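Reading the structure
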Amino acid sequence: MSNRSLRPAPNNPDLMHSFFHDAADALYVLDLHGRMLLVNDAFVSQYGWTYEETVNQPLCFIPEQLVSEYRQLWNQARYGQRISGYKTKGKRKDGTAIPVCLSCFPLRDTAGNIVGISTISKDITADIKMIEELRESEAHYRSLIEATNDIIGIYDLQLKQKFVSPSIRLHSGYSPQEYMAADVKDMIHPDDLANVLTTYQTLSAEKKAAQVEYRAKHKNGAWVHLEARAVPILNERQEVENILVVERNITERKQNEEFLRKAEKLSVIGELAAGIAHEIRNPLTALKGFVQYLQPLLPEHKRLTQIMLAELERINLIVSEMLVLAKPQSLKTKRKDVRQLLCNVITLLKPEANMQNIDIITRFDNRPLEIECEENQLKQVFINIIKNALEAVSRNGKITIRTEPRDHNQVLIRFIDDGCGIPCEMIHKLGEPFYTTKEKGTGLGLMISSKIVKDHGGTLHITSEQGKGTTVEITLPISHQ
Ligand code: ADP
Ligand code: MG
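Residues numbered from 1 in each chain as written. Chains lettered and ligands numbered in written order. Predicted model: local features only at pLDDT ≥ 70, side-chain atom pairs only at ≥ 80, totals over all residues. Heavy atoms only, no water.

1. A look at the overall build of the chain
Helix and strand counts for the chain come out as 15 helices and 17 strands. Relative to its length of 481 residues, the chain is extended, with a C-alpha radius of gyration of 44 Å against a globular reference of 23 Å. The C-alpha extent of the chain, read off along each of the three principal axes, is 145 × 55 × 40 Å. For the chain, the residues scored as buried account for 36% of the 481 residues in total. (Helix = DSSP H or I, 4+ residues; strand = E, 2+ residues; numbered from the N terminus. Rg over C-alpha atoms; globule rule 2.2 N^0.38 Å. Buried < 20%, exposed > 50% of the residue type's maximum accessible area, 1.4 Å probe, protein only.)

Below is the structure:
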């Protein structure tokens with residue numbers, strides 16, 4: 001620091017001179033006729049024009065198309081207005097344009113009369129470049145956010161949403177606007193809400209990223225499984241202000257896990273059933289033998305022993321059917337008559353139908369209807385379809401099963417029920433995995449059935465009328481040899 005004391009500016013031309021010329025921004029002063037009175041050094045280096053040049057060509061530093069704009073600006077200053085932060089362009093001596101931010105104000109004499117206009121011209125090339133770079137990187141991020149399948153959202157600590165990516169529509173059915181207006185907490189499954197809230201609380205307390213899985217309600221009412229990765233966003237004081245959440249829809253993965261679990265369970269049950277069926281058959285054989293032995297000894301109870309034998313035979317049949325189904329699939333095809341397969345399956349399901357007083361009526365064609373097939377798989381199809389019919393028909397209803405040849409080389413099997421039917425807007429959903437309207441349904445029956453029928457070179461077709469009933473038509477190629 002210099003020790004030299006300064007005289008106050010009004011009486012110190014040196015100070016004023018230095019203030020004017022050493023300023024970082026370009027400064028210039030015009031008289032009321034638009035003539036240049038003064039330019040500072042920064043003006044000369046910024047624009048490249050000398051003071052003399054601006055005197056000789058007063059508008060040289062203004063792009064032609066902006067002259068009237070500048071004139072208007074100066075006119076305002078001339079009438080006493082102060083203008084600041086006016087963004088426009090100037091023209092360098094080399095002809096290039098220079099983005100500038102102008103401040104213009106009137107210059108007054110000691111009596112207060114306006115005698116000139118002074119202008120500060122700040123070069124904003126760097127600012128504009130920065131804004132452009134920002135805009136560009138923002139555009140990059142935006143396209144990333146728009147292209148990504150994941151849901152990207154920003155929430156405050158009260159879980160109020162501040163931003164959500166358009167992909168929200170894909171996974172929740174809600175448009176971003178609808179989602180922004182909703183209460184996020186209402187969309188989270190009540191059983192998962194506490195877990196989600198604790199995760200976000202721990203995250204903001206520990207300032208560490210966290211992960212949580214939860215179910216969210218889709219607009220159509222279904223639950224969607226989401227895996228959320230959350231990262232705290234800190235403010236300048238290093239406090240957590242917002243949370244950035246990237247969510248992935250893992251519903252399909254969850255369903256696959258569930259499917260595997262169910263399939264596993266079914267195969268365990270299948271094995272168990274096979275074991276039990278086996279165990280039942282042995283005592284059954286003994287019982288049958290004894291009854292046959294007793295029959296001639298109890299002539300007065302012949303009717304009773306006959307019924308006992310018939311019932312034992314039925315048990316045997318059902319148990320045999322269970323064994324066939326539970327047996328590991330051999331995947332060897334054999335020629336079989338569909339009517340025989342249907343009869344076997346009906347034997348298995350008849351008790352259930354009887355319990356609900358549902359008639360299973362068969363109308364089979366007399367001609368042989370032999371097909372080349374994997375017996376167990378086709379039985380599984382028939383069981384699925386008859387079980388669906390049983391579930392759709394209320395007490396005292398009926399299910400009719402018809403078979404007939406079609407076009408010489410096809411057999412047509414029809415399962416007709418007079419049950420609840422299927423609303424027509426739902427028909428196209430049938431056969432989609434996990435589509436079920438039943439509380440304990442799997443929504444796999446029709447999917448597996450159509451796959452099996454297709455593998456056998458056949459077709460499966462469903463027609464239905466709500467409230468009237470449903471018909472499932474299966475065609476399969478007849479085996480002529
Ligand atoms: P699940 O029986 O486990 O629900 P399915 O794939 O067998 O799975 O059937 C899917 C859905 O199709 C059922 O939930 C039901 O809504 C409908 N459906 C199938 N068959 C019938 C039928 N005969 N009558 C009425 N609805 C049916
Ligand atoms: Mg079913």
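Now that the structure has been shown, the text picks up again.
2. Side note on helix H13 (residues 375-392)
The periodicity of an α-helix, 3.6 residues per turn, causes residues three or four places apart in sequence to face the same way. Given a rise of 1.5 Å per residue, 18 residues ought to cover 26 Å, and the 26 Å separating the end C-alpha atoms of H13 matches this to within 8%. In terms of burial, H13 is a largely internal element, 13 of the 18 residues being buried. (Expected span 1.5 Å × (residues − 1).)

3. Section: the side chain of Thr119
Mapped onto the fold, Thr119 is located in strand S5 (residues 114-123). Of the polar contacts made by the side chain of Thr119, one reaches the side chain of Trp74; its length is 3.4 Å. Setting aside residues up to four positions removed in sequence, Thr119 forms contacts with Ala26, Leu27, Tyr28, Trp74, Leu102, Ser103 and Cys104. (Polar contact = N/O pair within 3.5 Å; in protein donor to acceptor, adjacent residues only side chain to side chain. Contact = heavy atoms within 4.5 Å.)

4. Some words on unusual backbone geometry
If you check the backbone angles, Leu159 has positive phi at about 70° while not being a glycine. In this fold, Leu159 is placed in the loop between strand S6 (151-156) and strand S7 (161-164). Residue class for Leu159 comes out buried when judged on its relative accessible area of 6%. Even without glycine at this site, Asn357 takes up a positive phi of about 60°. Within the element layout of this structure, Asn357 appears in the loop between helix H12 (338-355) and strand S12 (359-364).

5. Section: the packing of H13 against helix H15 (residues 445-455)
At a minimum axis distance of 9 Å, the contact between H13 and H15 shows a crossing angle of 140°. In this structure, H13 crosses over H15, and the sense of that crossing is left-handed. Contacts between H13 and H15 involve Gln377, Leu378, Gln380, Val381, Asn384 and Asn388 from the former and Gly445, Leu446, Ile448, Ser449, Ile452 and Val453 from the latter. For the contact of H13 with H15, the residue count by class is 6 nonpolar, 6 polar and no charged. (Axes fitted to C-alpha atoms, helices over the stretch in contact; angles between N-to-C directions. Left-handed = near helix turned anticlockwise from the far one by under 90°. Nonpolar A, V, L, I, M, F, W, Y, C, P; charged D, E, K, R; others polar.)

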